Amino acid sequence: MTELIALDQVTKRYGDTVSLDSLSLHIKEGEFFGLLGPNGAGKTTLIRIISALTVPTSGRVLVAGEPVNRNNTKFKSQIGLVPQHNNLEPELTVVENLQLHGMLYGIPKKESAGRIKELLDFTRLTDKADTQVGKLSGGMKRKLLIARALMHKPAILLLDEPTVGLDVSSRRKVWDLIKGLHKRGITIVLTTHYLEEAEALCTKIGLLKKGRLLMSGSLDELKNMVGPVVVEQFYNDKTVLYFYKDQKEALKAASSMGEGITVRQSRLEDIFVKLTEEKSE
Ligand SMILES: Nc1ncnc2c1ncn2[C@@H]1O[C@H](COP(=O)(O)OP(=O)(O)OP(=O)(O)O)[C@@H](O)[C@H]1O
Ligand SMILES: [Mg+2]
């Protein structure tokens, strides 16, 4: 598989704040990469660096072999971005927002019109085509942001918390949209605080903390690194997790622990808590 995104020893500093700390990350074509981490871990900074909206202090970034630069049209056409904060034009209609994006990306008018029709259909927004964006619900705005990011047919879609604040059913609809895109071969990088979202969608997951990638791999690889079986103990008003390599070891340990014990398979949430809370440097 071709490597589409390559970051080597990327550091980003804002004054004394180190947002990314010598981070290296390689993402292959067709992967669905989930970037997890607590508030301030550097997820948005990383997404912005890949989309050339933020310039790293040092390090090397290549997207589809091209150096990252907004003035490089070949690079720009590869990336579709759904930013963390909605930056649609609220006074314009749904169609006008998409037309504007088409113009900014130099898409011929006729092609743009056809693409808009397709994308409204795909995101089920056809009924809202002539509605002002300011009057859409949060879920509809999210879907429009995805449609807009797809206007120029990018090879890579970057989604920064695409389902934040959505109700369960709207979230599932956005998931289906994103799953459909991945199935069509688009490489996806998604940041989220919803661990079940990462579990449901991503083929690979990276855990970021204080600008460093603590761990990355498939869900099974992460579970195996930390321990696939967990013993959960509620003790002194606090839940503590212990990780084991198999059921037999976990049961043996649990047998000497007394009351308030649960033995179960480990989940992404357990790994996340262990790495982000316990292993502080
Ligand atoms: N423009 C900026 N100026 C100064 N500091 C910044 C700027 N952008 C980000 N930072 C700092 O960089 C660090 C990483 O921020 P970033 O937005 O990348 O985190 P995040 O993982 O996306 O967090 P969240 O989950 O809250 O969205 C934070 O300490 C933040 O304050
Ligand atoms: Mg963020």
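Residues numbered from 1 in each chain as written. Chains lettered and ligands numbered in written order. Predicted model: local features only at pLDDT ≥ 70, side-chain atom pairs only at ≥ 80, totals over all residues.

1. Brief notes about the pairing of strand β3 (residues 32-36)
Burial analysis of β3 places five of its five residues in the buried class, which makes it a mostly covered element. Side chains F32, G34 and L36 of β3 all project onto a buried face; the interleaved residues F33 and L35 project onto the opposite face, where all are buried too. One ladder, built from four bridges, connects β3 with strand β8 (residues 187-191); its direction is parallel. Each bridged residue has a counterpart across the sheet, and for F33 the counterpart in β8 is V189. Across four bridges, the pairing between β3 and strand β9 (residues 204-209) is parallel. For L35, the partnering residue across the bridge sits in β9 and is G206. (Buried ≥ 20, exposed ≤ 12 C-beta atoms within 10 Å, placed from the backbone. Helix = DSSP H or I, 4+ residues; strand = E, 2+ residues; numbered from the N terminus. Pairing = 2+ DSSP bridges.)

2. Comments concerning the sheet that holds strand β5 (residues 66-67)
Across the sheet, which stays open at both edges, the four strands sit in the order β2-β1-β4-β5 with antiparallel pairing between neighbours. Bordering the open sheet on either side are β2 (17-28) and β5, each of which pairs with just one other strand. Both strand β1 (residues 3-14) and strand β4 (residues 58-63) contribute to a ladder of five bridges, which runs antiparallel. Following the sheet pairing, L7 is matched in β4 by V61.

3. Some points on the domain arrangement of the protein
By a frequent convention, interface size equals the accessible area lost on bringing the separate parts together. Along its sequence, the protein is carved into domain 1 (3-217) and domain 2 (222-278). On a C-alpha basis, the centres of domain 1 and domain 2 stand 34 Å from each other. Contacts between the two partners involve 11 residues from domain 1, matched on the other side by seven residues from domain 2. Of all elements in the fold, only α7 (195-201), β9 and β10 (212-217) reach the threshold of two or more residues within the side of domain 1 that touches domain 2. Split by residue class, the side of domain 1 that touches domain 2 holds eight nonpolar, one polar and two charged. (Domains from an automatic or database assignment. Contact = placed C-beta atoms within 7 Å. Nonpolar A, V, L, I, M, F, W, Y, C, P; charged D, E, K, R; others polar.)

4. A few points about unusual backbone geometry
For A52, which is not a glycine, the phi torsion comes out positive at approximately 65 degrees. Tracing the chain through its elements places A52 in the loop between α1 (43-50) and β4. Positive phi, close to 50 degrees, is recorded for A64, a residue that is not glycine. Of note, A64 is situated in the loop between β4 and β5.

5. As for the nonpolar core
One finds I50, A147, L158, I188 and V189 to be the most contacted residues of the largest nonpolar core, which totals 61 residues. Among the elements that make up this core, the one with the highest residue count is helix α5 (residues 138-150) (six residues). Counting only domains with at least three residues in this core, you end up with domain 1 (3-217) and domain 2 (222-278). The residues contacting A147, other than those within four sequence positions of it, are L98, L119, L120, T123 and L125. (Core = buried A, V, L, I, M, F, W, Y, C linked by C-beta atoms within 7 Å.)

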